[in-house]
Amino acid sequence: MKKNKIIVLVLMVVVCQIIFTFQINNIKYRVDSDYDQQYYDKRVESETKNQPKISTCKNMDNIESIFDRKLSDFELYGYFPQIYEPSLQATYYGLYILDTLGNLGEVNKTAITNYIISTYNQESNLFFDDYSYRYLDIDLSQAYYPLTSILEVNCYAILSLNILNKLDLIDRQKFIDFIWNCYNPGTSGFIGQPYNVDLEDSFKISTMDNTYFAVITLNLLMDDWNSYSTRKNEIIQYINDLQDSINTDWRYGGFYNDKDNSFNSVKPLHEPNLLSSYYCLKTLEIFGMEESININSFHQFLSKLYMDDHYFKMSNPEHNITNLIATAIGLELSKITGFSGINEISVINFIMNNRNSQGTWDSSTTVKMHELMDIFQIIRALNNSGAISNLTSLDKSEILTALNNYHQLKGFSLISQEYTSLNLLNTIISSFQLFDRVSELEIQDIYNDIKDCFRYNDYPEDWYVFLPYINADPMKPEFRSYPIEYYNRGYHNYITRIDFFTSYKSMYFALNSMNKLFKLDDFGGEVDLTNLIDDVIQSQFLNDSFPEAHGAFLPMRGYTFFSLESQLQKIFFEYSYYAIKSLELLVDDLNLGKVNDLSFNKAALYEYIKRNIIETSSILYFDPQYTSNIEIVLQNTYYAIYVLQALDLYDLNNQKIKEFVLQNLNYNNINNIYYSYKISEILGINLEFNYDLIINLAELLYSGDLNEFYLSSNRQMVSQEIFLWICEMALNSDLEIVCEYIEQIILGGVNSLTVSFQNLIIDDFGDEISVVFESLQLGIINLEKLVDNTYYKDFKIPENPSCYPKVEGIVAIYKGYEQLGQIPVNIRTFYVFHDSGLKIIDSRQELIFEMNISYEFSSGHNPASNSMVVGNIYRNFLMVDSIELEREDYSDLSKFTMYYENRDNIDYSIRFLIYDGFHPDGMILYEYDINPSEPINPGGGNSPISSIILSTISFFIYVGICGVLLYISFKITKLVFRKKRRRKKDNTPLKLELEIKKGKKMKDVFDDILSNEDL
């Protein structure tokens, strides 16, 4: 009973309290209509959710580190070191040299081993680097690149692992089987890949370089040759058949590299030569069959190549362009065959006395170009001929120091870092220019290097090119090891490189670099730049019999003298892009207007681009034709947009391009990101990049050891051009600004701004950055930088009408006087308006109207001291008078009073309005109607906003609801206890009814029932 009684009473109290609270709140105050009741909850949620993030990326530090490294490198070397791609071929050369000189411990053998193993292909069980893939793309009608076949690349890997004592890492028998699979049973000798009758004829040609490396590797892997005696004899016979037997000229007695006269498999050397003869004799030496050749005729061959100055030529037509390598090889061949027609000491002295400034050897005494192949072939010959002892410890130390120029990316590259590409120069100069640091470069020295790359050709007509790298020898600028950075003709089924030795790409890099060094005018003073313009224009392919190429540009003017078939093989849209870029620079420098004003066939170029545009209902992109690699597709799509805009012919669908880019964004590849960014920039479209992912990618790609960037997240390939991409995005990409603050706040409250910002690369812009909140209402507020690279400031919103209903401004980010970005700030403000209601006093002679008003700000209740309340008097809906109420200010409110006498004793109405900074147009407080024939209602006004009327209505509602609840409670109680009253005779319904009739109060009856302990 006691428990039920408590529950019923609590229920009644709660309901009544809810109603009462509602009534009091309606009477006490009213909040401005813009005020959000849930504001404080939202503020807590926002502050919890948007905690400042801690920056972990240091991309700006990485950029600065690269700048510093470039400057220190140039000061140390006099050039910017170029990173060339490592290869298994070059790695074998490097390891052989180190091992021969007794300095194998000078390198990180684990790192080199890891590099070699990283090229192992699990599917084919073979080693593959890019050079072997390029071999698979060979098109003999375009070019042949020797010494990089699949067979040879795998031999290099095995021979290297042997030097490192790591042959246990491979399955010997699998590689023995693979090498023998490359044997051509029809011609004997080895080809560059497993033999198959369906191979193209060019791939089925046996060559001595393939045969030599196959035999020395098999000799390493096999226990003996007993199981292959037949094939061994075939190989011996194959080699003997390669010796020239026609005694008519200098060729007599020499050895060819293959039996196909139309196929130059040791290009660029003429055949026969000492190198192909070396492969033949060294292979025979393994079998102990050196004497099976015609020794006398071979000695005649050697004698014709041996010069009076005690050196050898490689072959008779080649004069002295490889005489240092040829002399070393000739020395060893003389030893093998017992040739006595040389002065051995003089030959060795010739080799030793013609080392270059680095302590190694150039190709010859006349051609000042050097490659790792040159050093390897000379060291190998000196070692095999027993002359290696002529190298002193100082000599060896110099060679090892020079070898560092080839040791790159955990392996070795074919050419030295000193051959700085024009691409790298353009990257460095453009990056320094972006950051306004060109003055820190050695401008004149760099300009001279670039100018020296310029070449004039007069056959069959005058035309001009820029060599792709500095320090090239003007007599023979090309490399005989064909580094993949500059030699990529072929089918492009396996690799996507399309670099040519000379092209408009190199021209653009040269011109752009000189322009940014403020040296293009100097160059124009020495070279007629209009000739370069004519060259580019004349290289446009305009033979309409080949619509697939019509309108595009060849890589350079020189190719226009090739056959049409050869020209078609060299057309790639990238070179049209660089042709236009070069023309733009030249036209601008010569003040010739725009590139669109030049007299080339713009319509044909437009049609060429449109023919290669792929457009569907949702996407659009440019198809480069030779590959579907998405990064190259994005790159060429950007090129197409750029060229069309340069021609004032752009008409592509931006939305479809945007959709294509969005579908193919790859946050693991910086090439993808950069050209997606370039497309968004040139078209002015918002791609909504994930800034955090790109910042993290740039951090991941950075190599602290190399001070360069990897191309993708697998960190396998370094591209020095990425530095420019990173610099460009770091400086020019839009800022993503996050500004956190309390969006709604009471006047007088303290707000706080927390600002973080980043672009695609940087989230920490250094100490030169200033962040300010600029507002006409609040002035300029400087934010302070915190340790997590956010900026923060607390500030107070004045209790001033000028800050109501909102405070507006911008957060601006400055570097010095340059604004990097801004974001709007809109803070909604509110106050709480309090009024006590309209009080009316009838003094018989006049009416007195009173009201108390206050404004609640953050500081508390404040009088309406700057407010004016007026009473407008209306008769028959026309205002006849306006009376300003008297104001009396107190500490927390203002009391307004008006005295009014109705002398005419007629009906009228009064409308009370408040005027102040918050209500400049006035706000109606109350409306009151007076009829003299009716008694005055002291409760006052009949306005819906009158708090007195609301209070009266609320009171009656409250009393009524309480009565209903009491009645319901009575009924419930009666039902609950009915059964128990039946068991208690003194509490029967009849008795209860009688007691009530006798006059006992209902309260007393309930008390008797509820106090019954049996219940």
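Residues numbered from 1 in each chain as written. Predicted model: local features only at pLDDT ≥ 70, side-chain atom pairs only at ≥ 80, totals over all residues. Heavy atoms only, no water.

### Quick look at the overall build of the protein
To keep things clear, this is the line we draw: Each helix corresponds to a stretch of at least 4 residues labelled H or I by DSSP, and each strand to a stretch of at least 2 residues labelled E; elements are numbered beginning at the N terminus. Note on exposure labels: buried denotes an accessible area under 20% of the residue type's maximum, exposed denotes more than 50%, and partly exposed covers the range between, all computed with a 1.4 Å probe on protein chains only. In what follows, residue pairs with any heavy atoms lying within 4.5 Å of each other are defined as contacts. Throughout, the Shrake-Rupley method with a 1.4 Å probe supplies accessible areas, and for residues the shown protein chains are the sole cover considered.
Counting secondary structure elements, the protein contains 33 helices and 31 strands. Out of the 1015 residues in the protein, the part that is buried amounts to 55%. The contacts of the protein with a sequence gap of at least 6 include a subset with a gap of at least 24, amounting to 67%. Surface summary for the protein: the accessible area is close to 45700 Å², and the carbon and sulfur share equals 48%.

### Some words on the state of the cysteines
Simply put, the disulfide is a covalent bond whose two ends are the sulfur atoms of two cysteines. Under the convention used in this document: In what follows, a disulfide is any cysteine sulfur pair within 2.5 Å.
Using the criterion set out here, one finds zero disulfides in the structure. Just so you know, C182 is unpaired, no disulfide at all, and the nearest cysteine sulfur is the one on C155, 8.0 Å from it.

### Comments concerning the packing of aromatic side chains
What counts is decided by this rule: Between the rings of Phe, Tyr and Trp (Trp by its six-membered ring), a pair exists once the centres lie within 6.5 Å; its type follows the angle of the planes, with under 30 degrees stacked, over 60 edge-to-face, and the other angles tilted. A positively charged side chain is recorded as over a ring if its NZ (Lys) or CZ (Arg) lies within 6 Å of the ring centre. The angle to the ring normal must also be within 35 degrees.
A full pass over the atoms with the stated rule returns 94 aromatic pairs. A ring pair is formed by Y156 and F213, whose centres lie 5.1 Å apart and whose planes are at 80°; its orientation type is edge-to-face. Taken together, the positions of Y156 in helix α7 (residues 150-163) and F213 in helix α9 (residues 208-221) put the pair 57 residues apart, joining distant regions of the chain. Side by side, Y156 and F213 carry an identical accessibility label, which is buried. Chaining the aromatic ring pairs together yields one cluster made of Y508, F509, Y577, Y578, Y638, Y639, Y642, Y674, Y675, Y677 and W725. The side chain of R134 reaches across the aromatic face of Y145, ending 4.1 Å from its centre. The ring of F67 is capped by R437, whose NZ or CZ atom sits 4.6 Å from the centre of that ring.

### Considerations on unusual backbone geometry
Look at the link from K267 to P268: it is a cis peptide, with omega at 10°. Relative to the helices and strands, P268 is located in the loop between α10 (229-241) and α11 (274-287). Following E271, the chain continues to P272 via a peptide bond in cis, the omega torsion being -5°. Looking at the element boundaries, P272 is found in the loop between α10 and α11. A positive phi is found at N471, a non-glycine position, where the angle reads about 65°.

### Digging into the pattern of salt bridges
A side chain of one charge can pair with a side chain of the opposite charge if their charged atoms are brought near each other. Basically, it comes down to this: By definition here, a salt bridge exists when the distance from a side-chain nitrogen of Lys or Arg to a carboxyl oxygen of Asp or Glu is within 4 Å.
By the definition in use, this model includes 33 salt bridges. Residue D651 is joined to K610 by a salt bridge in which the shortest nitrogen-to-oxygen separation is 3.4 Å. Of the two residues, D651 sits in the loop between α25 (630-646) and α26 (654-663) while K610 sits in helix α24 (residues 602-611), which places them 41 residues apart along the sequence. The partly exposed category is assigned to K610, whose relative accessible area is 28%. With its nearest N and O atoms 3.0 Å apart, the salt bridge here joins E615 to K656. Of this pair, E615 sits in strand β9 (residues 613-615) while K656 sits in helix α26, and the two are 41 residues apart along the sequence. In this structure E615 comes out as partly exposed when scored by relative accessible area, which is 46%. Overall, K656 belongs to the buried group, its relative accessible area being 17%.

### Observations concerning α26
Heads up, the rule is: Any pair of nitrogen or oxygen atoms within 3.5 Å is treated as a polar contact; in protein, a donor-acceptor pairing is required on top of that, and neighbouring residues in sequence qualify only through side-chain atoms on both sides.
Every buried residue of α26 is listed here: K656, I657, K658, F660 and V661. For α26, the capping residue at the N-terminal end is N653, with a side-chain oxygen 3.0 Å from the backbone nitrogen of Q655.

### Observations regarding α24
Taken as a whole, α24 has its buried residues at K602, A604, L605, Y606, Y608 and I609. Next to the buried residues of α24 lie α23 (573-589), β9, β10 (620-622) and α25. The distance from a side-chain oxygen at the start of α24 to the backbone nitrogen of A603 is 3.4 Å, and the residue carrying that oxygen is N601.

### Digging into the sheet that holds strand β6 (residues 411-413)
The test is simple: Pairing between two strands requires that DSSP report at least two bridges joining them.
The strand order β2-β6-β5 describes an open sheet built from three strands, whose pairing is antiparallel. Across the chains shown, the open sheet's two edge strands, defined by having one partner strand only, are β2 (86-87) and β5 (407-408). Pairing between β2 and β6: two bridges, direction antiparallel. In the sheet register, P86 faces β6, and the bridge partner there is S413.

### A word on the environment of L159
Among the secondary structure elements, L159 is positioned in helix α7. With 61 residues separating them along the chain, L159 and L220 place their C-alpha atoms 8.3 Å apart.

### Remarks on the side chain of E271
Structurally, the position occupied by E271 is in the loop between α10 and α11. Here the side chain of E271 touches N257 through a polar contact of 2.6 Å, landing on its backbone nitrogen. Among residues more than four places away in sequence, those in contact with E271 are W250, R251, Y256, N257, D258, F263, N264, S265 and V266.

### Side note on the sheet that holds strand β26 (residues 868-875)
The line we're drawing: Axes here refer to lines fitted to C-alpha atoms; in helices the fit is confined to the stretch in contact. Angles between the N-to-C directions go from 0 to 180 degrees.
The strand order across the open sheet built from four strands is β27-β26-β30-β31, with neighbouring strands paired in antiparallel fashion. Lying at the two open borders of the sheet, with one neighbouring strand each, are β27 (878-884) and β31 (923-930). On average, each strand axis in the sheet is tilted by 20° relative to the strand beside it, whichever way the strands run. Sheet analysis places strand β30 (residues 908-915) next to β31, joined by seven bridges and oriented antiparallel. Within β31, the position partnered with S909 by the bridge is D929.

### So, the confidence of the model for the protein
Here is the rule we go by: pLDDT expresses how confident the predictor is about each individual residue, on a scale running from 0 to 100.
When pLDDT is averaged along the protein, the result is 88; 86% of the residues meet or exceed 70. The model gives residues 13-56 a pLDDT under 50, and that stretch makes 50 contacts with residues more than four places away or in other chains. For the stretch residues 938-952, pLDDT sits under 50, and the model shows 37 contacts to residues farther than four places along the chain or on other chains.

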